[in-house]
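The chain contents come next:
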Amino acid sequence: MTILEAANITKRFGGLEALRNIDLKVEAGELVGVIGPNGAGKTTLFNILSGVFRPSSGKVFFRDEDITGMKPHRIAEKGLVRTFQATRLYSNLPVLENVYIACHIPARPNIAGDIIGLPSVKRRESQARQRAKDIVSLAGLESVSLELARNLPHGYQRTLGVAVALAAEPKLLCLDEPVTGMNAEETQFMMGFIQRIRQQGITILIVEHHMKVVMSLCDKVAVLNFGRKIADGKPEEIQNNKDVIEAYLGRQEESVA
Ligand SMILES: Nc1ncnc2c1ncn2[C@@H]1O[C@H](COP(=O)(O)OP(=O)(O)OP(=O)(O)O)[C@@H](O)[C@H]1O
Ligand SMILES: [Mg+2]
């Protein structure tokens, strides 16, 4: 089953064409990578999929529904949840609380019930508590669950950012550069988490510069360069693609090999 389809997406910012005629299909259960040099249009594509920007032309379908131009919160409610290149956290709250708060977003608020302490509200609270704990443990963050978010090293803050996104109950989770700026140990830690998320049956779309991560994690990879899709296929096909090698040539820090 196709969970996401971007059809013929073009995005212009004034005179700049950030994306041109992009097609992308993601099947349910897949882990798909989007790679490309700086400024290739990767984040712009995520912004369009998640409703931050409306495409200049083209359409986005999520679970067979046309979501083009829908507001980001509506799209998130439908199960397409994304993280941002810069992590957004409640830095003065503990790790577990950050996830717990996010666990409430899918539930419908019952303010009157909250005030008088209805049993149904209490049940919902304890379910959310449990879910937050489960997510923190899936993320491998139990040992720091009471630590304030701001005290975590950078890599663990980013892991927490993904845990928060997971709390919104995504069917498709879009990760924008989850390991960029991480050291080797943090990268391993995040990759383990992404694999465990995938094992839960959640479809993942990942934008990443780090080639090793993309090549080892993804089933399929699409390559953007100057707003165009220059290749897509299995990681091994992409690695040997002449256009892809050329697009990355001269960029020592992100060579394809
Ligand atoms: N809101 C905006 N207004 C104008 N131009 C924009 C806007 N957002 C992105 N762009 C331009 O669109 C192009 C694609 O940018 P985008 O951020 O999508 O690239 P990227 O592939 O995510 O790059 P990076 O790897 O650096 O994150 C760039 O030329 C960028 O300057
Ligand atoms: Mg980007």
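Please read these numbers as outputs of a predicted model, since none were measured by experiment. (Residues numbered from 1 in each chain as written. Chains lettered and ligands numbered in written order. Predicted model: local features only at pLDDT ≥ 70, side-chain atom pairs only at ≥ 80, totals over all residues. Heavy atoms only, no water.)

Please provide a residue-by-residue account of the pairing of strand β2 (residues 16-27), values included.
In this sheet, β2 lies alongside strand β1 (residues 2-13) in antiparallel orientation, the contact comprising eight bridges. Paired with I9 across the strands is I22, a residue of β2. Between the antiparallel neighbours β1 and β2 lie two residues, among them G14 with a positive phi of about 55°. (Pairing = 2+ DSSP bridges. Helix = DSSP H or I, 4+ residues; strand = E, 2+ residues; numbered from the N terminus.)

Account for the nonpolar core, naming residues and giving values.
Formed by 50 residues in total, the largest nonpolar core has its most connected members in I35, V99, L160, L173, F193 and I197. For this core, the leading source of residues is helix α6 (residues 154-167), giving eight residues. Counting 27 residues, the second largest nonpolar core, distinct from the first, contains I22, F46, I67 and M70. (Core = buried A, V, L, I, M, F, W, Y, C linked by side-chain atoms within 4.5 Å. Buried < 20%, exposed > 50% of the residue type's maximum accessible area, 1.4 Å probe, protein only.)

Can you lay out the confidence of the model for the chain for me, pointing to particular residues and giving the numbers?
Per-residue confidence for the chain gives a mean pLDDT of 91, with 92% of residues at or over 70. Under a pLDDT of 50 for its full length, residues 252-257 has, in the predicted model, ten contacts with residues more than four places off or in other chains. (pLDDT = per-residue confidence, 0-100. Contact = heavy atoms within 4.5 Å.)

How would you summarise the sheet that holds strand β4 (residues 57-62) if you had to cite specific residues and measurements?
Strand order in this open sheet of four strands is β2-β1-β4-β5, and the pairing throughout is antiparallel. Edge positions in the open sheet fall to β2 and β5 (65-66), since each of these has one partner strand only. Pairing between β1 and β4: five bridges, direction antiparallel. Following the sheet pairing, E5 is matched in β4 by F61.

So what's going on with the state of the cysteines? Residues and values would help.
Summed over all chains, the structure comprises zero disulfides. Here C174 is not cross-linked by a disulfide; its sulfur's nearest cysteine counterpart is in C218, at 12 Å. Given the relative accessible area of 2%, C174 is considered buried. (Disulfide = S-S within 2.5 Å.)

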